Amino acid sequence: MLGRTKVLDVELSAAPQLPGDLEGYEALRALVRLHGEPVGHIEVPLLPGAPYTAADLRRVILRRLAWPILRQNLLNRMEEAPMPSGGLGIEEVLETLPPVRADAAPLVTVAVCTRDRAEDLKLCLDALVRLDYPNLDILVVDNASSTDATERLVEDYRPRVRYAREPRPGLDWARNRAIREARGEFIAYTDDDVVVDPGWISAVVGAFRDPYVMAVTGLTVPYELETEAQVLFERYGGFGRGYRRRYWRMPGNETKRLMEHLGGGQYGAGANMAFRRGVFESVGPFDPALDVGTVTNGGGDTEMFFRVLKEGHALVYEPRAMVRHRHRREYPRLRKQLADNSIGLYSYLVRTALAYPDARLAVLWFATWWFWRWNVRRLLASFVRPPDVPRELILAELWNSFVGLRRYFKARRVAKSIAATDPHPGAPPFVPPLGPSERRKPGPKVRASVGVRTVELGLPLHPLEDLSSHTAVRVFVTAHGKPLGFADVSNFRRPVGMPRLREKIADQIGLGLLRRKRGESLNALWPEILAALERRYLPSGDGKTEAAPRLPDAVSVSVVVPTYDRPHDLRDCLASLTAQQTARTREIIVVDNHPASGLTPPVVADFPGVVLVAETRPGRAYASNRGFGAARGEVIASIDDDMVAPPDWLENLLAPLARPDLAAVTGNTLPLYLDTRAQRLFEEYGGFWRGVDRLEADARWFGSFRRRAVPTWSLGGSGNTAFRASLLATLQVGLMDEALGAGMPTGTGEDIYFFYKVLGAGYAISYEPSAYAWHKHRREMPALRDQIYNYSKGHVAYHLTTLLRDRDPRAAVHLALWLPRWHLRRLARYAKRRLLFRSRYPLGLLLTEIRGNLAGPWCLLRSYRRVKREGRSDPYVPLPWRAAPGEWLEAAGRDAQTKSR
């Protein structure tokens, strides 16, 4: 989805707040914080008719971010006091507040480098003066601006903001000027198109409490996602690097270790970085031959990150140090930005190879690996399946990789000529040399050594000292003498501070810190944890968990029943539908897919209020789409004519749709009779039973199958499903594919392909086992063989459709590898059981399945030809829901009959 995305913050420790006006937005992205700490974000699609309330949003957050929320509470609890005997209670953990810190506040210089962007700068400065840090030196470095607009703007913020002009064009010239002008012990850099979080500098200073840390980067999230270009940039990776604190130090000069640290983008972005001012005395200033304002167009920040690590210092990524970046709004500017990023990356690699001869092999390997993995492989994949981003962006990056290999030399010559005009010779900023002074000898090879320590959580935690002879340490954790597990920490021959120790314990022991019953597994705690999270963050006013939401009775529903000359089955189905126990406004639409027979109208006439719609083109997908077009409900439910529903079926099926993040729900299907051999064999074949456990599928589930086809059939089928009618109006989903399904040569597959489109568009589907209905299986063996043959054809046709139409290569892997393997294993199992006289499933049905699979491609081609001859249905257009049921029922019938004629 590339539509507008609503960006908002959610603070869990505060009362739930409405998400605001969502009109015109296609998705919602919420940054989730707990007592100010960012713990993660969620992104959910928005559908018309599915409004989000404050409680709805909280429920989605608690479901998706349960562990990050619990983890943060565990960290707070471990910081507050020692662990009591018996472990930590879940409620006790969730009620813990973060301790109040009263640390020293050293002077910090905040440098904003800008050029001719006074409007952006004003938004940035408005946020900087609201920082909650008490000892700030805010400096604006005006980099070769063509007007005095920046200087005049800064005058409005004096004396809190200082102004310095750097006439030499180039972002790194401006950064180096900030080093010269800085007054603080630390220098924090941000860009003029950034809005900083109030706690940004406090978090940066907290990371610098470790005396070995020389550089800090932070979390950079989008300020807005209002245009396609901004959404594309986030899809491309954005600037965010996650919500876990990370530590880096380069313990040796081996090629493998150097390669691991050359990817400077993993550390963060130049829009959110800070350094001890003294580190520049040892590593030198920023290279002005790199970054914006030069022909290299980037790489200055990543080169400095690598240089700090290469010189033996530590770098920390601190997600609490958060800023919001205003991404490029226009597509051409996004394209230029990504092209410049590629030039900057390879310019930085060239600079590193020149400066550090011992790193040249690592640079060569990394440059080759990155070019193949990031550029070439993505380009080749874009011809197989639709890429996440336009192919021209991938091509722009690929081509500019070659450009970047030669740009640094030109930029360095220019930088040297500019440096000659420095009115303060010998003082930074200057161009770092690449001569013999930087040709350092490789350091000694570092031998791995793992230390062993024990930590007692029943006592106050202390840093782990005296680790200078170890590159890593295994920490065994006990609580009042009871072992809980161990945590491995890479310490790089340095002490391990308490924040990092707590994080490693929480990450690697996790739920083992919680109190549980004897013999109870850790996974068994999750239901209790989720309930406790809801009690804590979804308060009902009396301390109890808020009741599960129910789809309001005001939401109307249309039940569509396609049928083809099965009057007896249809009568039983309609009798069960008219007996549904529901207070909501509903309509039942029967679609006669063979009106020439005259068998269906007499049955429908016995059920007043049921709408009869005719569809002369044979095919279940045609019939379903005709019924959808006549439906006036906000939700559409579908059921087969050979099924019987219990009185609570409809409400059970609709209940999950009270969650606005769900687009569709499927139910369970049970056999009504198992009287004949054919009916029992259909259950042996697999039947329609999908189990008693709820299953939720969304975009993450859809993308988790990397080498296997997406098993949408595990979600159920259109014989027992409900979905929001607005889905049919979206371009990504639309109507059922009429080349698939019963009544067409393909035999089936229209429902699972519909689920595939829903998931591929980013929406979520839930399987609800309590919404069960009974199915009348085929009673005779010839009918069962035809059914299995059709299912087998449709299975292959469905995969071919995802391959040809959606360019999903997983379908090719499934058809070429997994499906033949599946049949071979079943045949081998049949032979084994046959020898032992245990096989009940006939060989003939196995061969029928194989024959149907082989016929799938030809049948799909025949279906395409028939659809071309018959024509496709008109796109779905939502019909108005009228207040008086009798009026809209009659109107729906008239409209549908008119369309059929």
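Residues numbered from 1 in each chain as written. Predicted model: local features only at pLDDT ≥ 70, side-chain atom pairs only at ≥ 80, totals over all residues. Heavy atoms only, no water.

Draft legend 1. Local environment of the overall build of the chain. In terms of helices and strands, the chain carries 27 helices and 24 strands. A compact globule built from 901 residues should have a C-alpha radius of gyration of about 29 Å, and the chain, at 32 Å, falls within 12% of that. Principal-axis analysis of the C-alpha atoms places the extent of the chain at approximately 100 × 65 × 60 Å. Expressed as a percentage of the 901 residues in the chain, the buried residues total 55%. A fraction of 73% describes how many contacts in the chain between residues 6 or more apart in sequence connect residues 24 or more apart. For the chain, the exposed area adds up to about 38900 Å²; of that, 55% sits on carbon and sulfur atoms. Across the chain, the centroid of the 127 positively charged side chains sits 7 Å from that of the 102 negatively charged ones. (Helix = DSSP H or I, 4+ residues; strand = E, 2+ residues; numbered from the N terminus. Rg over C-alpha atoms; globule rule 2.2 N^0.38 Å. Buried < 20%, exposed > 50% of the residue type's maximum accessible area, 1.4 Å probe, protein only. Contact = heavy atoms within 4.5 Å. Areas by Shrake-Rupley, 256 points an atom, 1.4 Å probe, with all protein chains shown as cover. Lys, Arg positive; Asp, Glu negative; His and termini not counted. Charge placed at Lys NZ, Arg CZ, Asp CG, Glu CD.)

Draft legend 2. Inspection of the nonpolar core at higher detail. Within the largest apolar cluster, 55 residues are counted, with the highest numbers of intra-cluster contacts made by Ile-61, Ile-69 and Leu-514. Counting residues per element, this core draws most heavily on helix α2 (residues 66–80), which supplies six residues. Setting aside anything within four residues of it in sequence, one finds Leu-514 in contact with Leu-70, Leu-74, Leu-88, Ile-90, Val-93, Leu-525 and Ile-529. Grouped together as the second largest cluster of nonpolar side chains are 49 residues, Phe-306, Val-308, Leu-309 and Ala-353 included. (Core = buried A, V, L, I, M, F, W, Y, C linked by side-chain atoms within 4.5 Å.)

Draft legend 3. Representation of the environment of Asp-642. Take Asp-642: it is sitting in the loop between β19 (635–639) and β20 (643–644). Judged by relative accessible area, Asp-642 falls into the buried class, the value being 3%. Note: C-alpha distance between Asp-642 and Asp-569 (73 residues apart in sequence) is 5.0 Å.

Draft legend 4. Focus on the confidence of the model for the chain. When the pLDDT values of the chain are averaged, the result is 89; 92% of them are 70 or greater. Across residues 435–441, confidence stays below pLDDT 50; counting only partners more than four residues off in sequence or on other chains, it has 14 contacts. When the criterion is pLDDT under 50, residues 881–901 qualifies, and its contacts beyond four places in sequence or with other chains add up to 34 contacts. (pLDDT = per-residue confidence, 0-100.)

Draft legend 5. Structural detail: the side chain of Ser-576. Residue position: Ser-576 is located in helix α17 (residues 567–578). In this view, Ser-576 contacts Val-644 and Ala-645; residues no more than four positions away in its chain are not counted.

Draft legend 6. Highlighting the pairing of strand β4 (residues 108–114). Where burial is concerned, most of β4 is hidden: seven out of the seven residues are buried. Here β4 shows no split at all, with Val-108, Val-110, Val-112 and Thr-114 on one side and Thr-109, Ala-111 and Cys-113 on the other all buried. Bridge analysis of β4 against strand β5 (residues 136–143) gives seven bridges, and the strand direction is parallel. The residue bridging Thr-114 from the neighbouring strand is Asp-142, located in β5. (Pairing = 2+ DSSP bridges.)

Draft legend 7. Focus on the sheet that holds strand β15 (residues 482–490). The strand order across the open sheet formed by three strands is β13-β14-β15, and the pairing between neighbours is mixed. The open sheet has two edge strands, β13 (450–456) and β15, and neither has a second partner. The sheet shows a mean angle of 20° between the axes of neighbouring strands, taken without regard to direction. The pairing of β13 with strand β14 (residues 472–479) spans seven bridges and is classified as parallel. Note that in β14 the partner of Gly-451 across the bridge is Val-473. (Axes fitted to C-alpha atoms, helices over the stretch in contact; angles between N-to-C directions.)

Draft legend 8. Structural detail: the packing of aromatic side chains. Counted according to the given criterion, the structure contains 34 aromatic pairs. Measuring from ring centre to ring centre gives 5.1 Å for Phe-233 and Phe-239, while their planes differ by 65°; the resulting arrangement is edge-to-face. This pair shows no difference in class: Phe-233 is buried, exactly as Phe-239 is. Considering the side-chain rings of Phe-306 and Tyr-356, the 6.3 Å spacing of their centres and the 75° angle between planes classify their relative orientation as edge-to-face. Separated by 50 residues along the polypeptide, Phe-306 in helix α11 (residues 300–310) and Tyr-356 in the loop between α12 (331–355) and α13 (360–382) bring together distant segments of the chain. Each of the two residues, Phe-306 as well as Tyr-356, counts as buried. (Phe/Tyr/Trp six-rings, centres within 6.5 Å; stacked < 30°, edge-to-face > 60°.)

Draft legend 9. Structural context of the pairing of strand β24 (residues 764–775). With nine of its 12 residues buried, β24 lies for the most part within the structure. Bridge analysis of β20 against β24 gives two bridges, and the strand direction is antiparallel. Bridged to Met-643 within β24 is His-775.

Draft legend 10. Representation of the pattern of salt bridges in the model. Scanning all chains against the criterion turns up 66 salt bridges. One salt bridge connects Arg-617 with Glu-615, and the closest N-O pair in it is separated by 3.0 Å. Taking relative accessible area as the criterion, Glu-615 reaches 2% and is therefore assigned buried. Note that Arg-620 is salt-bridged to Asp-640, the shortest N-O span being 2.4 Å. Of this pair, Arg-620 sits in helix α19 (residues 620–630) while Asp-640 sits in the loop between β19 and β20; the two residues are 20 residues apart in sequence, bridging distant segments of the chain. Three or more residues joined by partner-sharing salt bridges are found here, namely Arg-117, Asp-120, Asp-192, Asp-193, Arg-326 and Arg-328. (Salt bridge = Lys/Arg side-chain N within 4 Å of Asp/Glu carboxyl O.)

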